[in-house]
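Structural characterization, general
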Amino acid sequence: MSYADNMENALKNLEAREEVDPAEARRIRAREAAEEAEKAKAAPFAEALKNGAFTQDLLNHAVRIGFGHRTKVQITWLDTVLRLDAKQLRMELHPTGEGVVAKFFEDAHETRSEKVDLKKAKPEKLAEKWLGALAKA
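Let me sum up the structure you'll find in this document. (Residues numbered from 1 in each chain as written. Predicted model: local features only at pLDDT ≥ 70, side-chain atom pairs only at ≥ 80, totals over all residues. Heavy atoms only, no water.)

**As for the side chain of E92**
- By the element assignment, E92 lies in strand 3 (residues 89–96).
- At 3.2 Å, the side chain of E92 and the side chain of R83 are in polar contact.
- Beyond its immediate chain neighbours, meaning those up to four positions away, E92 contacts V81, L82, R83, V101, A102, K103 and F105. (Helix = DSSP H or I, 4+ residues; strand = E, 2+ residues; numbered from the N terminus. Polar contact = N/O pair within 3.5 Å; in protein donor to acceptor, adjacent residues only side chain to side chain. Contact = heavy atoms within 4.5 Å.)

Following this line, the structure appears as structure tokens:
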């Protein structure tokens, strides 16, 4: 399928959606605008998370602690979200408009979340909080 065909199909889909329910189309556009505004507010925190010293130190400490427990720490970036996995434990760092939020999971169930100040927080303490359950296992 060529680029022109894709554009034509996209335009037809947009026209059909607006013809069906203009109120729904307005709600969708409003929701998308709100999501874009939130993404723009979170952009500085996402940049600091991706390129900051805090993240590098956190990764170093997490890998070191995991190695001590004979556990591989898997590091994954999902758009602006940093995900760390070790056995049944997971921690995700989500940039938001108000800062970075760390969400802790055990066996795919969220156990807690907390706000993380990338300038003041200590990465080794966050890594120890997350991987503390490995010592109990």
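Having seen the model, we can carry on.
**A closer look at a nonpolar patch on the surface**
- Where nonpolar side chains cluster on the molecular surface, the patch consists of V63, I75 and W77 and spans about 230 Å² of accessible area.
- Counting through the fold element by element, W77 comes out in strand 1 (residues 74–78). (Patch = residues over 30% accessible without salt bridge, like charges linked within 9 Å, V, L, I, M, F, W, Y side chains within 5 Å. Areas by Shrake-Rupley, 256 points an atom, 1.4 Å probe, with all protein chains shown as cover. Salt bridge = Lys/Arg side-chain N within 4 Å of Asp/Glu carboxyl O.)

**Things to note about the pairing of strand 4 (residues 99–106)**
- In this structure, strand 3 lies alongside strand 4, joined through eight bridges in antiparallel fashion. Opposite L89, over in strand 4, you have E106 as the bridge partner.
- Relative to strand 5 (residues 109–116), strand 4 runs antiparallel, the two being bridged by seven bridges. Counterpart to V101 in the pairing with strand 5 is K115.
- Linking two consecutive strands that pair antiparallel, namely strand 4 and strand 5, is a turn of two residues; a positive phi of about 55° is found at D107 within it. (Pairing = 2+ DSSP bridges.)

**Looking at unusual backbone geometry**
- Its identity as a non-glycine residue notwithstanding, D79 has a phi of 60°, on the positive side.
- Looking at the secondary structure, you find D79 in the loop between strand 1 and strand 2 (81–86).
- Despite not being glycine, D107 has its phi angle at roughly 55°, a positive value.
- Among the secondary structure elements, D107 is positioned in the loop between strand 4 and strand 5.

**A look at the sheet that holds strand 4**
- In spatial order, the strands read 1-2-3-4-5; together these five strands make up an open sheet with antiparallel pairing. One side of each edge strand has no neighbouring strand; the edge strands of this open sheet are strand 1 and strand 5. For this sheet, the mean inter-axis angle between neighbouring strands, taken without regard to orientation, is 20°.
- Here five bridges tie strand 1 to strand 2, and the two strands are oriented antiparallel to one another. From the neighbouring strand, T76 faces strand 2, where its bridge partner is R83.
- Strands in contact with helix 2 (residues 22–51) are strand 1, strand 2, strand 3 and strand 4; relative to strand 3, the strand with the most contacts, it is inclined by about 125°.
- The strands that helix 3 (residues 53–68) touches are strand 1, strand 2, strand 3 and strand 5; relative to strand 2, the one it contacts most, it runs at about 10°. (Axes fitted to C-alpha atoms, helices over the stretch in contact; angles between N-to-C directions.)

**Here we look at the nonpolar core**
- If you look at the biggest cluster of nonpolar residues, it comprises 23 residues, and the most contacted ones within it are L58, L84, M91, L93, L126, W130 and L131.
- Of all the secondary structure elements, the ones that give two or more residues to this core are helix 3, strand 2, strand 3, strand 4 and helix 4 (123–136).
- When near neighbours in sequence (up to four residues on either side) are disregarded, L131 contacts A62, I65, G66, A86 and L89. (Core = buried A, V, L, I, M, F, W, Y, C linked by side-chain atoms within 4.5 Å. Buried < 20%, exposed > 50% of the residue type's maximum accessible area, 1.4 Å probe, protein only.)

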